[in-house]
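Notes for the structure review
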Amino acid sequence: MTLGYRIRFYLLALLLLVGISLILFRLFVVQIDRYEEFAAKVPGTSEVKVRIPGVRGLIRDRKGKVLVENIARYEMQFNLKEISDNYNVLIKEENSAIRKKNKTSSTNISLKEAPLTFFEYVDGSGIKRKRKEKDMVTIVSESVLPYLARLGLYKEFHSGDLQRHWRTHGGLVAYTYRDDLTFEEYALAAEHSLDIPGVSVIARPMRKYIYGALASHILGFVRQPDIKKVPAEERRQWNYYVPDDFGGDGIEETMNSSLRGRPGERVMLRDEKGRIVDSKDEFGRVLGELSYDEAKPGSDVWLTIDLRYQYIVEKALRKVGRGAAVVVAPRTYQRGSDGEQDTVYAGDILAMASVPSYDPNKFIPSISEEDWNAYLNNDNDPLINRALKDHAPGSTFKIPVALSGMLGGIENKFYECAGGARYGPKVFMKCWALSKGYTHGSISARGAIKTSCNGFFYRYGNASGIDNILKVSSSMGLGKSSGIPLNNEDSGFIPNPKWKIAQGLGRWGDADTALVSIGQGATEATPLQMAMVAATTANGGDYYKPRLIHKTVGLSGEKMSPSKLMHRLTEIGIPQEKIEICKSGMWDVVNEVKGTAKRARSEVVELSGKTGTAQTGRKRPEGGNETNAWFISFAPYDNPKLAVCVMVENAKSGGGVCAPIVKRIIDEITLLEDYNKDLALSKVEESEGNFDFVELVSFDDDPTDGFVSDSDGDDGTSVAATPAPDPNNSSRKLLLMPTVKKAPDTRGSVKSKTVKKRIGILERRRRGR
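From a predicted model like this one, the values you see are computed outputs, not experimental measurements.

**A look at unusual backbone geometry**
Of note, the amide linkage connecting V355 to P356 takes the cis form, showing an omega dihedral of 0°. Note that P356 resides in the loop between β16 (349-355) and β17 (367-368). Look at the link from A635 to P636: it is a cis peptide, with omega at -15°. On the secondary structure map, P636 appears in the loop between β27 (625-635) and β28 (642-648). Here D381, not a glycine, exhibits a phi torsion of approximately 55°, which is positive.

**Concerning the sheet that holds strand β26 (residues 608-619)**
The 5 strands are arranged β16-β13-β28-β27-β26 in an open sheet whose pairing can be described as antiparallel. Looking at strand neighbours, the two that pair on one side only are β16 and β26, the edges of this open sheet. Each strand axis lies, on average, 10° off the axis of its neighbour in the sheet, ignoring direction. For β26 and β27, the ladder comprises 9 bridges, and the chain directions are antiparallel. Residue pairing in the sheet places T611 in a bridge with F631 of β27.

**Considering a nonpolar patch on the surface**
Together, I7, L11, L14, L17, V18 and L22 make up an exposed nonpolar region whose accessible area comes to about 570 Å². Looking at where I7 falls in the secondary structure, it is placed in helix α1 (residues 3-33).

**Comments concerning the packing of helix α16 (residues 454-464) against helix α19 (residues 510-517)**
Between two packed helices, both the angle of their axes relative to each other and the distance between the axes serve to describe the pair. The geometry of α16 relative to α19 is characterised by a closest axis approach of 8 Å and an angle of 115° between their N-to-C directions. Considering how the two elements wind past one another, α16 and α19 form a crossing that is right-handed. Only D510, T513, A514 and S517 of α19 make contact with α16, whose side of the interface consists of F457, Y458, G461 and N462. For the contact of α16 with α19, the residue count by class is 3 nonpolar, 4 polar and 1 charged.

**Side note on the environment of M560**
Relative to the helices and strands, M560 resides in strand β24 (residues 557-560). Assessed through its relative accessible area of 38%, M560 is described here as partly exposed. It is 8.4 Å that separates the C-alpha atoms of M560 and I549, two residues lying 11 residues apart in sequence. Leaving out residues up to four positions away in the same chain, M560 has contacts with Y345, H550 and K551.

Reading the values: the criteria
- Residues numbered from 1 in each chain as written.
- Predicted model: local features only at pLDDT ≥ 70, side-chain atom pairs only at ≥ 80, totals over all residues.
- Heavy atoms only, no water.
- Helix = DSSP H or I, 4+ residues; strand = E, 2+ residues; numbered from the N terminus.
- Pairing = 2+ DSSP bridges.
- Axes fitted to C-alpha atoms, helices over the stretch in contact; angles between N-to-C directions.
- Patch = residues over 30% accessible without salt bridge, like charges linked within 9 Å, V, L, I, M, F, W, Y side chains within 5 Å.
- Areas by Shrake-Rupley, 256 points an atom, 1.4 Å probe, with all protein chains shown as cover.
- Salt bridge = Lys/Arg side-chain N within 4 Å of Asp/Glu carboxyl O.
- Left-handed = near helix turned anticlockwise from the far one by under 90°.
- Contact = heavy atoms within 4.5 Å.
- Nonpolar A, V, L, I, M, F, W, Y, C, P; charged D, E, K, R; others polar.
- Buried < 20%, exposed > 50% of the residue type's maximum accessible area, 1.4 Å probe, protein only.

Right, here's the structure in full:
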């Protein structure tokens, strides 16, 4: 080997050695010295925290039978921030491909940019302005929906909602694209993992109202939360914030804090490509699940209502288009066999129904615009709980008036009917008997209750005085809300001298007291209040606070809601022997020949009651005002167990319409308890209601139809006075805000060309472009 060749060999070896040394040095710098700096620039795995909503507690009747349960609901959700980030990556890839394809071309290259849209808003000065924002509808339509369409999981949506969700929540709260996945669709999505960053499927509890429309005005419904009210710092704790449903009406709303469960948390592993690692090992464990904290259920709420009683009441009330019925316990007693004893407490609401009604299942998970508008546009107002709405009680109010006279010791005094009473030269207030061609003559309180004589009560009420009427009314729970845990309860109203002056209507006079004494004019009470009037009379004068919550049972134990005695008529000067006069008069109403509720006479149990009919401000199509009919009752006479009120709108009379319904309710409940039967229950369909005039109610299988009379006389049409305000006018309508699912718009419909076009692009990519 020559010297020159050796020198060249050594130089080459030296250069190789220097080069390798430089490479090793560079590797040292990158891999060791500046590792953290470069590692931060390389996408890696990360943790994803998913909030698991708490499980709502069940709602049960007093015996533990489930009224509202939870079933699985399958949802598909979008994390719009992740979808947006992934879309930006796709744009870069497409632009890179465009540049590579056109690198030799001298023409201008058109590169793709993230789509933008303009959002119009009004600033603090009231000026309309426009603001740029990402067009998430286009981004989702191009990058996500085609994949879903290929799997058969695409469904039309409302694009405005999606864009608004992005504007309001960004990536903090996932957007629910579908809340109606079938189990098969859920399984398909989970099996394919969708392979799309930002898309996930979850299973969460969904409310089911087992018996449909039964007790809908008591139970209410749940709705999806207003995320704006959730503190931002709470939402930032999770990458996927899955909120809890919360009560939108009824017990679901008022007992929400008890029913609501504690949320759980699932921590998942996300790989370098932004996908959730959901592969499983040989034991079926999810490899990417780093931790799992199970959600805890809320407390079960036990109501005082008896499911069987409620079912009986709902079925009986379907005989009319608009009305309400309430069943309460007048005293505390034990019922059931030795093995299943149940203590019923005084004041317990055993059933409460209102027609028309609605099906709360339509609100779960969200109600369609079509169904919601149908409820809102129904003039029968199916969303209103008529059992808690006040109306003029008519002659049923004569019971508190009769008791008020006992404060002054005039209960045995006789007054003339005289066909009515004159107050001043222009006002003559008639008794209904005058229009029939006769008068009731001289009668006492017991006889006036039986015949519902207006002429007697005009004079008796004035002899008692408005102050005594107000005192007794207050002691029986009238003129104030009961305080049960249901919203939108009216307080009722008893007119008084101070109110009349405040209204600029002048001084109080005898005609005003006379009008109050027959439950007309501005006098108003709810069916629940009048049921409590019947209960207080039946038990000898004790007014108990109505009770709807029996107890709550949760992980922390059981909490009872005790019965509470509020007032005693004996303590304000009405002894029980005087109250017995009212009870006897109510027995006569049903069981005596000239009683106004002969159609309530029963062969099963001894009923007592009081009829009533009152004019309203609603006009009938055929002319004149509608009349609301009432009947309050208790049974049996001795040791009463049930007190009932039924009110029916646009009905002829309490005796001809309401009394048969009350009789049906009490008879069936009594037979149920006497023979310790169980009732075959089924789903109750919602009642749409109607404006039909109800002249008479009868049940085909009622063996006592022989007691039917042409009229009970107490028809509420004989009083020449200003009618009470219409309880159904628009200002009184119940305002609910459920979660309404909007119908798909143009951009979110299947007609959109964006989705179809993108599917073609994706298919070409799969074939190698």
